[in-house]
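Next come the chains, spelled out residue by residue.
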Protein chains: 2
Amino acid sequence: MVTAPLEPKAGSRPAGPATLELTDLHASLTDPALGSMTFLNEIAQRFPEAISFAPGRPYEGFFETSLVHQYLERYERHLREDRRLGEDEVRRTFYQYGRTKGIVHELITRHLAVDEDIVADPEAIVVTVGCQEAMFLVLRALRTGPRDVLLAVSPTYVGITGAARLVDMPVLEVREGPHGIDPAHLEEVVLDARAQGLRPRACYLIPDFSNPSGVSIDVPARQALLDLAERLDLLLLEDNPYGYFTADGAPLPTLKSLDTRGRVVYLGSFAKTGLPGARVGYVLADQRVTAADGTSGLLADELSKLKSMLTVNTSPIAQAVIAGKLLTHDCALREANAREIALYRDNRERLLAGLAHHFPQDSGSGVTWNVPHGGFFIVVTVPFPADDALLEVSAREHGVLWTPMSHFGTGPGTECQLRLSLSSVTGPRIDEGLRRLAALIGRHRL
Amino acid sequence: MVTAPLEPKAGSRPAGPATLELTDLHASLTDPALGSMTFLNEIAQRFPEAISFAPGRPYEGFFETSLVHQYLERYERHLREDRRLGEDEVRRTFYQYGRTKGIVHELITRHLAVDEDIVADPEAIVVTVGCQEAMFLVLRALRTGPRDVLLAVSPTYVGITGAARLVDMPVLEVREGPHGIDPAHLEEVVLDARAQGLRPRACYLIPDFSNPSGVSIDVPARQALLDLAERLDLLLLEDNPYGYFTADGAPLPTLKSLDTRGRVVYLGSFAKTGLPGARVGYVLADQRVTAADGTSGLLADELSKLKSMLTVNTSPIAQAVIAGKLLTHDCALREANAREIALYRDNRERLLAGLAHHFPQDSGSGVTWNVPHGGFFIVVTVPFPADDALLEVSAREHGVLWTPMSHFGTGPGTECQLRLSLSSVTGPRIDEGLRRLAALIGRHRL
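Residues numbered from 1 in each chain as written. Chains lettered and ligands numbered in written order. Predicted model: local features only at pLDDT ≥ 70, side-chain atom pairs only at ≥ 80, totals over all residues. Heavy atoms only, no water.

A. Spotlight on the overall build of chain A. A count of helical and extended segments in chain A gives 15 helices and 17 strands. Against the 2.2 N^0.38 benchmark of 22 Å for 446 residues, chain A shows a C-alpha radius of gyration of 23 Å, consistent with a compact globule. Each principal axis of the C-alpha atoms in chain A carries an extent, and together these give about 70 × 65 × 55 Å. Classification of the 446 residues of chain A by burial places 62% in the buried group. Taking as baseline every contact in chain A between residues at least 6 positions apart, the subset at least 24 positions apart corresponds to 73%. Within chain A, one finds 45 positive and 56 negative side-chain charges whose respective centroids are separated by 2 Å. (Helix = DSSP H or I, 4+ residues; strand = E, 2+ residues; numbered from the N terminus. Rg over C-alpha atoms; globule rule 2.2 N^0.38 Å. Buried < 20%, exposed > 50% of the residue type's maximum accessible area, 1.4 Å probe, protein only. Contact = heavy atoms within 4.5 Å. Lys, Arg positive; Asp, Glu negative; His and termini not counted. Charge placed at Lys NZ, Arg CZ, Asp CG, Glu CD.)

B. Region of interest: helix α11 (residues 316-328) of chain A. Residues and elements named next belong to chain A. When the terminal C-alpha atoms of α11 are compared, their 18 Å separation across 13 residues agrees well with the 18 Å that a helix rising 1.5 Å per residue should span. Burial runs high along α11: 12 of the 13 residues are buried. Those residues of α11 not exposed but buried are Pro-316, Ile-317, Ala-318, Gln-319, Ala-320, Val-321, Ile-322, Ala-323, Gly-324, Lys-325, Leu-326 and Leu-327. Following α11 by one or two positions, Asp-330 has its phi on the positive side, about 50°. (Expected span 1.5 Å × (residues − 1).)

C. Spotlight on the relation of the copies chain B and chain A. Superposition of chain B onto chain A requires a rotation of 180° combined with a translation of 0.0 Å along the rotation axis, giving an RMSD of 0.0 Å. Interpreted geometrically, this transformation is the action of a two-fold axis. Interface residue correspondence from chain B to chain A reaches 100%, placing this contact among same-surface, isologous pairings. (Least-squares fit on C-alpha atoms with pLDDT ≥ 70 in both.)

D. Examining the pairing of strand β14 (residues 377-381) of chain A more closely. Residues and elements named next belong to chain A. Within β14, four of the five residues are buried, leaving the element largely enclosed by the surrounding structure. Where strand β13 (residues 368-369) lies against β14, two bridges are found, and the strand directions are antiparallel. Looking across to β14, one finds that Thr-368 is bridged to Thr-381. Direction of pairing for β14 relative to strand β17 (residues 417-421): antiparallel, over a ladder of five bridges. Along β17, the bridge assignment pairs Val-379 with Arg-419. (Pairing = 2+ DSSP bridges.)

E. Up close: the packing of helix α1 (residues 32-46) of chain B against helix α6 (residues 158-166) of chain B. Residues and elements named next belong to chain B. It is at 8 Å that the axes of α1 and α6 come closest, and there the two elements cross at 135°. When the axis of α1 is compared with that of α6, the two are oblique. Between α1 and α6 lies a crossing whose hand is left-handed. Along its contact with α1, which presents Ala-33, Leu-34 and Met-37, the element α6 presents Val-158, Thr-161, Gly-162 and Arg-165. The residue makeup of the contact of α1 with α6, split by class, is four nonpolar, two polar and one charged. (Axes fitted to C-alpha atoms, helices over the stretch in contact; angles between N-to-C directions. Parallel < 35°, antiparallel > 145°, perpendicular 65-115°, else oblique. Left-handed = near helix turned anticlockwise from the far one by under 90°. Nonpolar A, V, L, I, M, F, W, Y, C, P; charged D, E, K, R; others polar.)

F. Representation of the domain arrangement of chain A. Residue and element names in this part refer to chain A. If you check the domain split of chain A, you get domain 1 (27-55 + 337-445) and domain 2 (66-333). The straight-line distance from the C-alpha centre of domain 1 to that of domain 2 is 28 Å. Contacts between domain 1 and domain 2 engage 26 residues on the former and 25 residues on the latter. The junction of domain 1 with domain 2 conceals about 2,200 Å² of combined surface from both sides, 60% of it contributed by carbon and sulfur atoms. There are two salt bridges connecting domain 1 and domain 2. (Domains from an automatic or database assignment. Buried area = accessible area lost by both parts, 1.4 Å probe. Salt bridge = Lys/Arg side-chain N within 4 Å of Asp/Glu carboxyl O.)

G. Quick peek at the pattern of salt bridges. Overall, the coordinates contain 62 salt bridges over all chains when judged by the stated rule. Notably, a salt bridge pairs Asp208(A) with Arg222(A), separated by 3.0 Å at the nearest N-O pair. Placement of Asp208(A) in the loop between β7 (199-205) and α8 (219-232) and of Arg222(A) in helix α8 is noted, with a sequence separation of 14 residues between them. The class for Asp208(A) is buried, based on a relative accessible area of 4%. Note that Lys305(B) and Glu302(B) form a salt bridge whose closest N and O atoms lie 3.3 Å from each other.

H. Broad picture of the sheet that holds β7(A). All names here are of chain A. Across the sheet, eight strands lie side by side as β3-β10-β9-β8-β7-β4-β5-β6; this open sheet has mixed pairing. In this open sheet, the two edge strands, each paired with only one partner strand, are β3 (125-128) and β6 (180-181). Examined bridge by bridge, strand β4 (residues 148-154) and β7 share five bridges and lie parallel to one another. Residue Leu-151 lies in a different strand from β7, and its bridge partner there is Cys-203. Contacts from helix α7 (residues 183-195) reach β4, β5 (171-177), β6 and β7 within the one sheet, and its direction differs from that of β5 by about 160°. Against the sheet, helix α10 (residues 299-308) touches β3, β9 (264-269) and β10 (281-284), its axis set at about 30° to β3.

I. Layout of unusual backbone geometry. Residues and elements named next belong to chain A. Pro-212 follows Asn-211 through a cis peptide bond whose omega is 15°. Looking at the secondary structure, you find Pro-212 in the loop between β7 and α8. In this structure, Phe-209 is a non-glycine residue whose phi angle is positive, near 50°. For Phe-209, the location among the structural elements is in the loop between β7 and α8. For Phe-209, a relative accessible area of 5% corresponds to the buried category.

J. Highlighting the packing of aromatic side chains. This structure, assessed with the given rule, holds 23 aromatic pairs over all chains. Seen in terms of ring centroids, Tyr95(A) and Phe63(B) are 4.8 Å apart; in terms of plane orientation they differ by 35°. Their pairing is tilted. Placement of the pair is Tyr95(A) in helix α3 (residues 87-95) and Phe63(B) in the loop between β2 (51-52) and α2 (66-82), with the two residues belonging to separate chains. The pair formed by Tyr95(A) and Phe63(B) is uniform in burial state, with each residue classed as buried. (Phe/Tyr/Trp six-rings, centres within 6.5 Å; stacked < 30°, edge-to-face > 60°.)

Written out as structure tokens, the structure is:
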């Protein structure tokens, strides 16, 4: 690629701080995906007193700062007593640069066995700076050139779209129905893409209580999805931040626990089950990668090489905090989150009851909502556009925040939908928030 | 781009774990830059008993694990007493997702004023997961397409080359002399690149005790470099991990402290002055960025948008550890590192004395070395190739590790040079390591 030579602009600009044009920076910076995050953060900051059904943050009321110290001490004891490390090695573990793939991989393996019935090779785990870094690493590995595209269930988590933008990877949307990703549409999108010379590398989805829709995939559909992935020669990127928060019924098996053919890359998060402030996640990538010379290794090792040039390693202190929480609860995070699970269940019931109270069936309100069996989110459909402009009115005049579904995808109907998060607001504040939302909706319907 | 349609490979592969071809993963994974890091880590792991002059790790002997707790408590007290945060806000700070640009930016600003004479706008700082993430963010912002290239002093830090590979950004090498980057060559490389239609966006360098060469730039040359950057309309990426470790004389002013025209993006690290296990670094990016609609903001805010899709935010717990260390020492890291500075000075003197002992001047040994005024590294030139094969022999048969300079650049002479790090090995172990190195060299010269 050679274009006309550029002359150095010697003397052509005034003295003073250098100025860059936004158009001279990476295209992701003007992409709606990154703009969404900024807009939603800004509106939350501008209206701090509003009741917010917007953020997907976990409930913080059970946390005490002293727990950070307790967890660190618990992990220290583990190093000394279980792992028999000497004083020098313990100090080095906390102090120094560490293993790029992380140091708590064996505890994560135990947690996956206890909570998820997944038998994982500890060497196939890369501990990451939150699940977000895990997504980036996988997409960076899979995007080799302009043919490589990602598929994602739509509506989808903005973080996967954003990570794809950072590696210039197009995201093709796959429809979601009331029971999760539409397999017929998945196949159609893959075949269409291939017919255009594109190479669909993977499909991203959240099988349990998806963000933003709250929808889950049932077990037969999970099996069918794995078969389809095999038939289409496609990886599935399974993200599971919310699966622990079941409101009724037993948890469903993850895709990874059903995956006998290495089709699933499992994206793990401790942000909701552990401690968001640790910023620790992981990726379980046990696929084999074969080099031209016939040698082979784990996909996790390739992701680790990328990580060595991105963040070097995840802070061992942050990892120790999560490890301490795991050890405190015998690696059983479902049990460790019993209070949170109960709280979210109560919040969900209160929200659903409130919605039924304000918008009774057959009242002609035109307001409907789905009833997920757990997770953090409920989607409400209203008979008018629920866009950023309405959110601004809602925040300013009614003191209630929520998230327009249009930030998560372009599917039909999303423009009249809003996402309510049930993880942060509790008790009578839920009732008050719903009163404010009902006032907004009532005023708008007229 | 449309190529021939691909058929789905339905049924064309055996059951069993999915296999990927390395050639179907991102090109960086087969790049020598990433291979270097892997090779050097592996050889260190295979010979754990060797005396290692290889790693650029800080000395860990002064660290106690209890310091982590003390630092966390110190920051907690700061939040309560100086910042007057209530109990809920303190808990939230440690527990929740936090500000993408970080929470210790004001303390970093104080540190920059105290130690570096830099007056920084706290809003122009992005706290990152080590300096490595800061490098990635800057390169991701600057690489918009195939015309954008990076310049870097050669030999250079492998981390910048690796980060450039992750965004497919070519790195053009600029020669380094005994007093740092060669300005005439810098101008030549920029003009040549522009004549080829390329767009040099920035030049990366370590003005103080560079990695790997140990070389520093004197003050008049720093001023001239800033003038040249202005004339060439180029950003300078100043990385400063080693500037605190002066062996003799006063520290030199950083480029950023001399930068009146916003030409310098300052890459900050706490890995050597703070605590490597925290994995906290930062970037000071106070350049203005102008959008098409005429509005403008800070480059730091654009980097923050990228970070929100890469790691979301740097662990507030990890940030609190660094903040606690800063607060404990009134934000003066030069004072906080008095013991380390003295230790590295002693190590350097012992290393230089040992080299003079084993390879006396005029002895015809053909072995020479440079004498940096501080930092972690000394470069030794030998009269034969000091390559990976020799390193293997050195490790296996002589029990001493070092780093072939060929991993850091392709300049003339590097193939016969090796980098010795003086940060980890102390006292009589230095003498023993040098005896082993001398035995290797003696045997090889015959």
